[in-house]
Amino acid sequence: MADRVAVVGAGQMGNGIAHTFALSGFPVTLIDVSTDALAKARSTIAGNLDRQIKKGAIEAGAKEPALARITDATGVSAASDAALVIEAASEDPALKFRLFAALDEVVGPHAILATNTSSISITTIAGRTRRPQRVIGMHFMNPVPMMALVEVIRGLATSDATTATVTAIAKQIGKTPVEVNDYPGFVANRILMPMINEAAYCVMEGVATPEAIDTVMRLGMNHPLGPLALADLIGLDTCVAILDVLQSGLGDPKYRACPLLRKYVAAGWLGRKSRRGFYPYD
Ligand code: NAD
């Protein structure tokens, strides 16, 4: 049997990561402080497995065994028997630092601690543990079951052995790992977020409507999703958090978050997850 994986955070990324590992035969412990989030994650995973069955991507018989491989828990101590922990809790540096210090205490000496952070320094997170050589970034894309890429981010002290293990596991679950180094935003968000931010400025300045901006980018650049629809999918709060990290980490005001993005977040318009962002989702 495959080694156990623990996923910390059962939000939109955590449920997708748990889904993908369970479908690939890994026993998974899914941990969240919120029992509501755990219940919602289980029903989302069941619904997404149904969708994969309907599309012919997986066999109907794969659903129940995959769901049965996922165990829910509300505290990080449940990660004690995991060989790999993937942290996918909210994008808050203080929270992640606390979680990694706690995980370092509960897991075995050979366990690898990975984070799905979009932008927080892997080196800094690793520094909160006594195993920086076994701390790494595993940056999955949303929606996890559909998207092939995993950015594998090496912190300053991440060992070759840890990188090789995580790369092999990413391939085992059907993903394509790409190794990058630890700089703010890594590669994906360093390039994506300025585009999303510029699209938000276009809305704020009245250059065009969100629909028009997204249509230009879909039809003109062949992007499957326009930048504003993508921002709604990622979460506008997450976009602002990543832009703040880019601006402070790289020290360049060109990364400052568009005031309209901040205003939407202040209003609770977080995108799909709150049913309102650049678009309404009823
Ligand atoms: P989310 O808000 O959907 O989920 C976060 C979950 O973390 C919530 O269920 C919350 O209850 C839980 N949580 C908070 N504190 C916790 C704790 N102490 N222990 C356990 N769980 C805790 O957020 P998300 O979009 O799933 O993002 C999670 C992480 O993945 C972030 O670091 C984000 O930057 C990263 N990420 C997000 C995307 C995206 O498209 N949304 C893509 C790649 C990476």
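Our subject is the structure that appears above.
Residues numbered from 1 in each chain as written. Predicted model: local features only at pLDDT ≥ 70, side-chain atom pairs only at ≥ 80, totals over all residues. Heavy atoms only, no water.

Enquirer: Talk me through the packing of helix α9 (residues 227–234) against helix α10 (residues 236–250); I want residue IDs and the actual numbers.
Expert: Remark: α9 packs on α10, axes separated minimally by 6 Å, with the N-to-C direction vectors making an angle of 95°. Between α9 and α10, the interaxial angle falls into the category roughly perpendicular. Facing Ala-231, Asp-232 and Ile-234 of α9, the residues of α10 in contact are Leu-236, Thr-238 and Cys-239. Residues belonging to the contact of α9 with α10 are distributed by class as follows: 4 nonpolar, 1 polar and 1 charged. (Axes fitted to C-alpha atoms, helices over the stretch in contact; angles between N-to-C directions. Helix = DSSP H or I, 4+ residues; strand = E, 2+ residues; numbered from the N terminus. Parallel < 35°, antiparallel > 145°, perpendicular 65-115°, else oblique. Contact = heavy atoms within 4.5 Å. Nonpolar A, V, L, I, M, F, W, Y, C, P; charged D, E, K, R; others polar.)

Enquirer: Give a description of the packing of aromatic side chains that names residues and reports values.
Expert: What the rule picks out here adds up to 4 aromatic pairs. Ring centres of Phe-21 and Phe-26 lie 5.2 Å apart, and the angle between their planes is 85°; on these two criteria the pair is classed as edge-to-face. With a relative accessible area of 0%, Phe-21 lands in the buried category. Judged by its relative accessible area of 4%, Phe-26 falls in the buried class. Judged by centre distance (6.5 Å) and plane angle (70°), the rings of Phe-21 and Phe-140 are edge-to-face. Here Phe-21, found in helix α1 (residues 12–23), pairs with Phe-140, found in strand β6 (residues 135–140); they are 119 residues apart in sequence, far enough to count as distant. Neither Phe-21 nor Phe-140 differs from the other in exposure class; each is buried. Three or more aromatic residues joined by ring pairs form one cluster here, namely Phe-21, Phe-26 and Phe-140. (Phe/Tyr/Trp six-rings, centres within 6.5 Å; stacked < 30°, edge-to-face > 60°. Buried < 20%, exposed > 50% of the residue type's maximum accessible area, 1.4 Å probe, protein only.)

Enquirer: Can you explain the packing of α10 against helix α11 (residues 259–266)? Please cite residues and give values.
Expert: Packing of α10 against α11 leaves a shortest axis separation of 9 Å and a crossing angle of 135°. As far as their axial angle goes, α11 and α10 are oblique. For the pair α10 and α11, the sense of crossing is left-handed. For the pair α10 and α11, contact is made by Leu-236, Asp-237, Val-240, Leu-243 and Asp-244 and by Leu-261, Arg-262, Tyr-264 and Val-265, respectively. When the residues that make up the contact of α10 with α11 are grouped by side-chain class, the tally is 6 nonpolar, no polar and 3 charged. (Left-handed = near helix turned anticlockwise from the far one by under 90°.)

Enquirer: Please set out the site of the ligand residue by residue, giving values where relevant.
Expert: Around the ligand sit 24 residues in total, of which Met-13, Asp-32, Glu-91, Lys-96 and Ser-118 are the nearest. Lys-96 is positioned such that a nitrogen or oxygen atom in its side chain is 2.8 Å from an oxygen atom of the ligand. Here a nitrogen atom of the ligand sits 2.9 Å away from a polar atom, N or O, in the main chain of Ile-234. Computed on the free molecule, the ligand has an accessible area of 840 Å², of which 85% lies beneath the protein chains in the complex. Taken together, the elements giving at least two residues each to the shell around the ligand come down to α1, α4 (93–106) and β6. When residues of the shell around the ligand are assigned to their parent elements, the largest contribution, 3 residues, is made by α4. Of the residues belonging to the shell around the ligand, the class tally is 10 nonpolar, 10 polar and 4 charged. When we break the shell around the ligand down by domain, the ones giving at least three residues each are domain 1 (5–181) and domain 2 (189–274). (Near = heavy atom within 4 Å. Polar contact = N/O pair within 3.5 Å; in protein donor to acceptor, adjacent residues only side chain to side chain. Areas by Shrake-Rupley, 256 points an atom, 1.4 Å probe, with all protein chains shown as cover. Domains from an automatic or database assignment.)

Enquirer: Summarise the sheet that holds strand β1 (residues 5–8); cite the residues concerned and give the values.
Expert: Sheet architecture is open: 8 strands sit in the order β3-β2-β1-β4-β5-β6-β7-β8, paired in mixed fashion. Of all strands in the sheet, those bounded by a partner on one side alone are β3 (70–73) and β8 (176–181). Neighbouring strand axes in the sheet, compared pairwise and without regard to direction, differ in orientation by 25° on average. Here strand β5 (residues 112–115) runs beside β6; their pairing, made up of 3 bridges, is parallel. Bridge assignment links Ala-114 to a residue of β6, and that residue is Ile-136. Strand contacts of α1: β1, β2 (28–31), β3, β4 (84–87) and β6, with the helix running at about 170° to β2, the strand carrying the most contacts. (Pairing = 2+ DSSP bridges.)

Enquirer: Report on the nonpolar core, specifying residues and quantitative values.
Expert: Counting residues in each nonpolar core, the largest one holds 35 residues, and the members touching the most others are Ile-17, Phe-21, Leu-30, Leu-84, Ile-86, Met-138 and Phe-140. Discounting residues that sit within four places of it in the chain, Leu-84 has contacts with Arg-4, Val-5, Ala-6, Phe-21, Ile-112, Ala-114, Met-138 and Ile-169. The next biggest cluster of nonpolar side chains, apart from the first, holds 28 residues, and it includes Ile-196, Cys-258, Tyr-264 and Tyr-281. (Core = buried A, V, L, I, M, F, W, Y, C linked by side-chain atoms within 4.5 Å.)

Enquirer: Can you lay out the side chain of Thr-117 for me, pointing to particular residues and giving the numbers?
Expert: As for its position among the elements, Thr-117 is in the loop between β5 and α5 (122–126). According to the relative accessible area criterion, Thr-117 is buried, its value standing at 1%. Among the polar contacts made by the side chain of Thr-117, one reaches the side chain of Glu-91 at a distance of 2.9 Å. Within polar-contact distance, the side chain of Thr-117 engages the backbone nitrogen of Ser-119 at 3.2 Å. Setting aside its immediate chain neighbours within four residues, Thr-117 contacts Glu-91, Lys-96, Ile-122, Ile-125, His-139 and Phe-186.

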